[in-house]
Amino acid sequence: MTKFFPSLHVLAVVLAIGPVTVAASMFPRTLRTAPGDHGGGGGEDGGEALTTLRMLHRICRVYGAVGIAVPVFGLATGSSLGVLGSPWLITSVLLTAAAAGLLVLRILPAQGAALTAVQTPGAGPGPRASARLAMSTGVFNLLWATVTVLMIIRPGSTTGA
Ligand code: HEM
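Residues numbered from 1 in each chain as written. Predicted model: local features only at pLDDT ≥ 70, side-chain atom pairs only at ≥ 80, totals over all residues. Heavy atoms only, no water.

Chemist: How should the overall build of the protein chain be read in this particular structure?
Modeler: Scanning the protein chain from terminus to terminus reveals 5 helices and 0 strands. Helices and strands in the protein chain line up, N terminus first, as α-α-α-α-α. Taking the principal axes of its C-alpha atoms as reference, the protein chain extends roughly 60 × 25 × 20 Å. Counting every position in the protein chain, which comprises 161 residues, the buried fraction comes to 35%. When contacts within the protein chain are restricted to residue pairs at least 6 apart in sequence, long-range pairs at least 24 apart make up 77% of them. Put simply, the protein chain shows about 8,900 Å² of open surface, and 70% of that area lies on carbon and sulfur atoms. Averaging the coordinates of the 10 positive side-chain charges in the protein chain and doing the same for the 4 negative ones gives two points 21 Å apart. (Helix = DSSP H or I, 4+ residues; strand = E, 2+ residues; numbered from the N terminus. Buried < 20%, exposed > 50% of the residue type's maximum accessible area, 1.4 Å probe, protein only. Contact = heavy atoms within 4.5 Å. Areas by Shrake-Rupley, 256 points an atom, 1.4 Å probe, with all protein chains shown as cover. Lys, Arg positive; Asp, Glu negative; His and termini not counted. Charge placed at Lys NZ, Arg CZ, Asp CG, Glu CD.)

Dropping the structure here:
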């Protein structure tokens, strides 16, 4: 059982966090090519951008939900190894919660609002929408990267390399 939960945990990380990271990072760049923002896009490219934005937003939502498996199997791993009280693990749980909160409370709503704005004739998401989204997405990616490093290095851990 000590190998089962870590395997599912890492599998969930690869399958869920990977797609969300890539899709969320591509969203602001695609938004810049959409009609209404910076006066760019429009026409054929604008329609294509909208389709891409919808798909990227959907990937973030669906794989973000699948990502619940990461802490679930992480906690199962931690409890089977008896390391739930370790400072590196508590820090990881807090950082994971911060990343999830950022995705659910800021990134997904901002993507949704940008999508609505792109589809509103004469409106558009505004020049700062993509910059703000790029910033929150960057912080989000940094949080995952930090947790991954913590999971590998496990500072202060006595349970092995
Ligand atoms: C509530 C959140 C989380 C908990 C409770 C948790 C818990 C754990 C535990 C207990 C281990 C096993 C460590 C060991 O073998 O001693 C582990 C391994 C791992 N975790 Fe997490 N984790 C969480 C979130 C994450 C996140 C968000 C990521 C990546 C984005 C991640 C990536 C990894 C990786 C790559 C390993 C394998 C490390 C190795 O075996 O060298 N975990 N996790």
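Chemist: Just to check I follow, could you spell out the side chain of Gln-111 for this structure?
Modeler: Inspection of the secondary structure puts Gln-111 in helix H4 (residues 87-119). Within the structure, the side chain of Gln-111 is placed 2.8 Å from the side chain of His-57, a separation counted as a polar contact. (Polar contact = N/O pair within 3.5 Å; in protein donor to acceptor, adjacent residues only side chain to side chain.)

Chemist: I tried to follow the coordination of the iron atom of the ligand on my own but got confused; where do I start?
Modeler: Six octahedral donors at a metal ideally form angles of 90 or 180 degrees, and four tetrahedral donors ideally form angles of 109.5 degrees. Ligation of the iron atom of the ligand by protein atoms is provided by His-9 (NE2) and Met-151 (SD), these donors lying 2.0 to 2.1 Å from the ion. Considering all 6 donor atoms around the iron atom of the ligand, the spread of angles at the metal, 82 to 179 degrees, places the coordination shape in the octahedral class. Here His-9, found in helix H1 (residues 4-32), pairs with Met-151, found in helix H5 (residues 127-153); they are 142 residues apart in sequence, far enough to count as distant. With a relative accessible area of 13%, His-9 lands in the buried category. (Donors = N, O, S within 2.8 Å, 3.2 Å for Na, K, Ca; no water. Tetrahedral: all angles 85-135°; square planar, octahedral: opposite > 155°, others 65-115°.)

Chemist: Help me out: how do you make sense of the side chain of Thr-96 in this one?
Modeler: Tracing the sequence through the fold places Thr-96 in helix H4. For Thr-96, a relative accessible area of 16% translates into the label buried. Excluding residues within four positions of it along the chain, Thr-96 makes contact with Trp-144 and Val-147.

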